[in-house]
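Structural overview
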Amino acid sequence: MTSSLYPWLRGILAPQEALELANTHLDNARIAPSPELALASCKDAEKDLARIRTSVRKDYVLSSRTQDRALCNEIATTYSKIGKLLDSLGRRSKAQDSYKNEQKWG
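Residues numbered from 1 in each chain as written. Predicted model: local features only at pLDDT ≥ 70, side-chain atom pairs only at ≥ 80, totals over all residues. Heavy atoms only, no water.

1. Concerning the nonpolar core
C42, L49, I75, I82 and W105 are the most contacted members of the largest nonpolar core, which totals 22 residues. Those elements giving two or more residues to this core turn out to be α2 (15-30), α3 (35-50), α5 (66-88) and α6 (92-105). The greatest single-element share of this core, amounting to eight residues, is contributed by α5. Excluding anything up to four places from it in sequence, I75 contacts P15, L19, L49, I52 and W105. (Core = buried A, V, L, I, M, F, W, Y, C linked by side-chain atoms within 4.5 Å. Buried < 20%, exposed > 50% of the residue type's maximum accessible area, 1.4 Å probe, protein only. Helix = DSSP H or I, 4+ residues; strand = E, 2+ residues; numbered from the N terminus. Contact = heavy atoms within 4.5 Å.)

Quick look at the structure:
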């Protein structure tokens, strides 16, 4: 519903933008008053990170620039945090997906 009202919400994001949004959702998940809201926030965080174009991800992962590597490490860490939170909520298969994405960025 939201993306149909605001079509730019489902477009491609720059890695730094996606990371910032994902971390905001992750922070919200940690303080969510219910497991359902925490899961929804985790899902939103993963969606934000998924909005980074694959070709851009590959460029960053293969880059030798220190700042690019640092950003990749931050994104990998965020995926790891999402995975840990999903694990704590009993969503093991979803957590494994996050850990796989962590490896792609790390």
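2. Structural notes on the environment of R30
Tracing the backbone shows R30 in helix α2. Among the residues examined, R30 registers a relative accessible area of 45% and is labelled partly exposed. Along the sequence, R30 and C42 sit twelve residues apart, while their C-alpha atoms lie 9.2 Å from each other. With near-sequence residues (within four places) excluded, R30 lies in contact with K81 and L85. A distance of 3.0 Å separates a polar atom in the side chain of R30 from a polar atom in the side chain of D27. (Polar contact = N/O pair within 3.5 Å; in protein donor to acceptor, adjacent residues only side chain to side chain.)

3. A short note on the pattern of salt bridges
Within the structure shown, the criterion is met by four salt bridges. The salt bridge partner of D68 is R65, with a shortest N-O separation of 3.8 Å. Exposure remark for D68: the relative accessible area of 12% places this residue in the buried category. Measuring nitrogen to oxygen at the nearest pair gives 3.3 Å for the salt bridge that ties D87 to R92. Using a relative accessible area of 23% as the deciding quantity, one classes D87 as partly exposed. Exposure remark for R92: the relative accessible area of 52% places this residue in the exposed category. (Salt bridge = Lys/Arg side-chain N within 4 Å of Asp/Glu carboxyl O.)

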